[in-house]
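Residue-level listing of the chains:
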Amino acid sequence: MVNLTALGALLGGALAAGVLVMLSAVRRSGRAAEAPRRSARRGSLRLWLMRAGIPGFSPAAFVVVTALGAVLCAALVLALFGVPGFALAAGCAGGAVPWALVGWRSRARRLATRTAWPDVVDHLVAAVRSGIALPEAVAALATLGPEATREQFARYGREYRASGEFARCIGELKTELADPVFDRIAETLKMAREVGGTELVGVLRSLAAALREDAATRGELQARQTWVVNAARLGVAAPWLVLALLAARPEGREAYGTAAGTAVIAVAAVVSVIAYRVMIAIGKLPEERRWFR
C-alpha cells in the first residue's frame with residue numbers, strides 16, 4: 001500500500017521545486033530587463049562626471065562618497081544637538097553636497113566653454129585658410145585651442161589617429177561636450193568634409209561673430225540676475241541657522257526631539273527644497289536646445 005504521507009511529501013517537494021524554478025526564471029527575466037536601465041543610468045552619471053572634469057571618478061565611487069557624506073553629517077549633527085529630525089535633515093543635505101559640487105563644476109566648465117567657442121572657431125578658420133585638413137585642424141585644438149576645451153579635443157585626436165573615422169570621432173566629441181554651439185560647429189565641419197565647398201571660412205566667421213554677441217548678452221543678463229540666486233541661498237540657509245541656534249538650547253532640543261518636532265523639521269525641509277528650486281528656476285536663463293545630437 002502506498003504510503004500517503006511519503007507521497008504527499010514527494011508531491012509537496014515537487015510543487016515547491018516547480019514554484020522555485022518559476023520564481024527564479026521570473027527574477028532572472030526581471031534582472032535582464034532591469035540591466036539595460038541600470039547601465040543607462042550608470043552611463044548618464046559617468047557622462048555627467050566627465051562633463052564636470054572628473055572622468056577618473058567612477059559612478060560607484062561617487063555614490064559611496066554621497067552615502068558617506070550623508071552618514072557623517074547626520075552623525076555629527078546628532079552628536080552635537082541630539083535631535084533626530086535635525087540629524088536626518090543634515091544627512092540629506094550632506095548627501096546632496098557632492099551632487100551640488102559636481103553640478104556647480106559642470107556649470108562652471110560649460111560657461112567657460114561657451115565663452116571659448118568663438119576662439120575655437122577662429123582657430124578653425126586660421127587652420128582652414130592655411131590648408132590644414134579638417135580632422136587635423138580639429139585635433140590641433142588640443143594644443144592651440146582654449147584651455148577649457150583642450151582635454152576633450154585631445155581625446156578626439158587620439159581616437160581619430162587610432163581609427164581615421166572623422167564622422168564617428170566628431171560624433172563622440174559632440175556627445176562628450178553636449179553643447180548646442182559645438183553641435184552646429186561639428187555639423188558644419190562634417191558637411192564640409194563630406195561634400196566640400198568654398199564657403200566654410202565665411203560660415204565659420206559669421207558663426208564666431210554671432211557667438212561673441214550671444215556671450216556678451218548672456219553675461220549681462222546673468223550679472224543682473226545674480227541677486228535672485230543669492231536671495232534663494234540666503235532664504236534657504238537662514239531658517240536652518242535659526243533652528244541650529246534653537247536646538248543648541250536644552251528646551252529647544254526637548255521640543256524638537258519629539259515626534260511633532262520631527263514632523264515640523266521634515267515639513268520645513270520639504271518646503272525649503274521646493275522654494276529653493278522655484279527661486280533657481282525663476283533666475284535661470286533659458287538654455288539653447290540641442291538640435292543636432
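Higher on the page you've got the structure.
A quick note: this is a predicted structure, and the numbers were derived from the prediction, not measured.

About the cut-offs
- Residues numbered from 1 in each chain as written.
- Predicted model: local features only at pLDDT ≥ 70, side-chain atom pairs only at ≥ 80, totals over all residues.
- Heavy atoms only, no water.
- Helix = DSSP H or I, 4+ residues; strand = E, 2+ residues; numbered from the N terminus.
- Buried < 20%, exposed > 50% of the residue type's maximum accessible area, 1.4 Å probe, protein only.
- Contact = heavy atoms within 4.5 Å.
- Core = buried A, V, L, I, M, F, W, Y, C linked by side-chain atoms within 4.5 Å.
- Patch = residues over 30% accessible without salt bridge, like charges linked within 9 Å, V, L, I, M, F, W, Y side chains within 5 Å.
- Areas by Shrake-Rupley, 256 points an atom, 1.4 Å probe, with all protein chains shown as cover.
- Salt bridge = Lys/Arg side-chain N within 4 Å of Asp/Glu carboxyl O.
- Lys, Arg positive; Asp, Glu negative; His and termini not counted.
- Charge placed at Lys NZ, Arg CZ, Asp CG, Glu CD.
- 1 Å grid on protein atoms, 1.4 Å probe; cavity = no way out; pocket = protein on both sides within 12 Å on 5 of 7 lines; lining within 4 Å.
- Points joined across faces, edges and corners; volume = space filled by probe spheres on them.
- Nonpolar A, V, L, I, M, F, W, Y, C, P; charged D, E, K, R; others polar.

### Some details on the side chain of Gln152
- Structurally, Gln152 can be placed in helix H5 (residues 150-163).
- With relative accessibility at 6%, the residue Gln152 sits in the buried group.
- Leave out the neighbours within four places in its chain, and Gln152 touches Arg109, Leu173, Glu176 and Leu177.

### Examining the nonpolar core
- Counting 32 residues, the largest nonpolar core has Trp117, Leu124, Phe153, Tyr156, Phe182 and Ile185 as its most contacted members.
- Counting only elements with at least two residues in this core, the list comes to helix H3 (84-129), helix H4 (134-144), H5, helix H6 (166-177), helix H7 (180-195) and helix H8 (200-224).
- Setting aside residues no more than four positions away along its own chain, Phe182 makes contact with Trp117, Phe153, Ile170, Leu173, Lys174 and Leu177.
- The next biggest cluster of nonpolar side chains, apart from the first, holds twelve residues, and it includes Val77, Phe81, Phe86 and Ala244.

### Considerations on a positive patch on the surface
- Where like charges cluster on the molecular surface, the positive patch consists of Arg107, Arg110, Arg233, Arg277 and Lys284.
- Of note, Arg107 is situated in helix H3.

### A closer look at a nonpolar patch on the surface
- Among the surface-exposed residues, Val270, Ile274, Val278 and Ile282 lie close enough to one another that they form a single nonpolar patch of about 370 Å² accessible area.
- Here Val270 shows up in helix H11 (residues 259-283).

### Points about the layout of surface pockets
- In this model, the largest pocket occupies a volume close to 2100 Å³.
- Broken down by secondary-structure element, the contributors of at least two residues to the lining of the largest pocket are helix H1 (4-51), H3, H6, H8, helix H9 (226-247) and H11.
- Looking at which element gives the most residues to the lining of the largest pocket, the answer is H3, with 19 residues.
- The residue inventory of the lining of the largest pocket, partitioned by class, reads 27 nonpolar, nine polar and 14 charged.
- Here the second largest pocket defines a volume of roughly 170 Å³.
- Lining the second largest pocket, in full, are Leu47, Met50, Gln152, Arg155, Tyr156, Arg158, Glu159, Cys169, Glu172, Leu173, Thr175 and Glu176.
- Contributing elements (two or more residues each) for the lining of the second largest pocket: H1, H5 and H6.

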